[in-house]
Amino acid sequence: MEEGAEQQQQPQQQNHGVVLDEEAIFFKQEQRRETAARRKRRRAEEKTEQVKRLKSQEGKADESDKKFLECLKKLKVKELKVLCEANHLFKSGSKPQLIERIFSTKKHGGAGPCPNCAHNLFIFYNKRTHDPNSVECRNTSLYGESCAYNAKIARSNKTTILSHKLRDTKDGFLLSVGITLDQ
């Protein structure tokens, strides 16, 4: 009788394990959905922040900067991405995000490549003044190690950190669409 009782208990344990696995799978799926929703909300917030910064900068801009912004708005996303790549800027994002990155580089200067790993640096902006306040490298190596480079931007070191001026592509794309850069 003991053998029969043991055999009956084993299938119950297996069924119990299957139930736990299904619960664990459901829990993981729910976590993934929540993470995706948070990521989507954060991207939307970042996008609206960049659009606000662009409008704020446009309002403060002089005539030559306004003309520059109008020319950038006429470009296609693909063309803006080529320009971002030439200036060591992130090329992902919407059209207003790309325009904001390029205009900010023209106005404040660009960070250029990371001094540690040579990847693009991400620039963070002050939410109130819309001026750059820090740069950070977001590169991750194949082994999962992230680059630790980051720097705060102050008046004393702004010209050192944001030392790269906006530059045209190798084939002179900006010049071909009528945008001249004052060097």
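Residues numbered from 1 in each chain as written. Predicted model: local features only at pLDDT ≥ 70, side-chain atom pairs only at ≥ 80, totals over all residues. Heavy atoms only, no water.

S.K.: Sorry if this is basic, but what is going on with the overall build of the chain here?
M.R.: If you tally the helices and strands in the chain, you get six helices and three strands. Reading the helices (α) and strands (β) of the chain from amino to carboxyl end gives α-α-α-α-β-β-β-α-α. Restricting to contacts in the chain with at least 6 residues of sequence separation, those with at least 24 account for 48%. Only carbon and sulfur atoms are counted for the fraction: they give 51% of the accessible area of the chain, which is about 12,900 Å². (Helix = DSSP H or I, 4+ residues; strand = E, 2+ residues; numbered from the N terminus. Contact = heavy atoms within 4.5 Å. Areas by Shrake-Rupley, 256 points an atom, 1.4 Å probe, with all protein chains shown as cover.)

S.K.: Mind showing me how you'd approach the nonpolar core here?
M.R.: Most often, soluble globular proteins have nonpolar side chains that are buried together. In this structure, Phe68, Leu72, Leu80, Ile99, Ile102 and Ile179 are the most contacted members of the largest nonpolar core, which totals 19 residues. With sequence-adjacent residues up to four places away left out, Ile179 is seen in contact with Phe68, Cys71, Leu72 and Leu174. Ala111, Ile123, Ile153 and Leu162 belong to the second-largest nonpolar core, a separate cluster that totals twelve residues. (Core = buried A, V, L, I, M, F, W, Y, C linked by side-chain atoms within 4.5 Å. Buried < 20%, exposed > 50% of the residue type's maximum accessible area, 1.4 Å probe, protein only.)

S.K.: Where do I start with the side chain of Ser134 in this structure?
M.R.: The residue Ser134 is located in strand β2 (residues 132-137) in this model. Filtering out sequence-adjacent residues up to four positions away, Ser134 remains in contact with Phe122, Ile123, Phe124, Ala151, Lys152 and Ile153.

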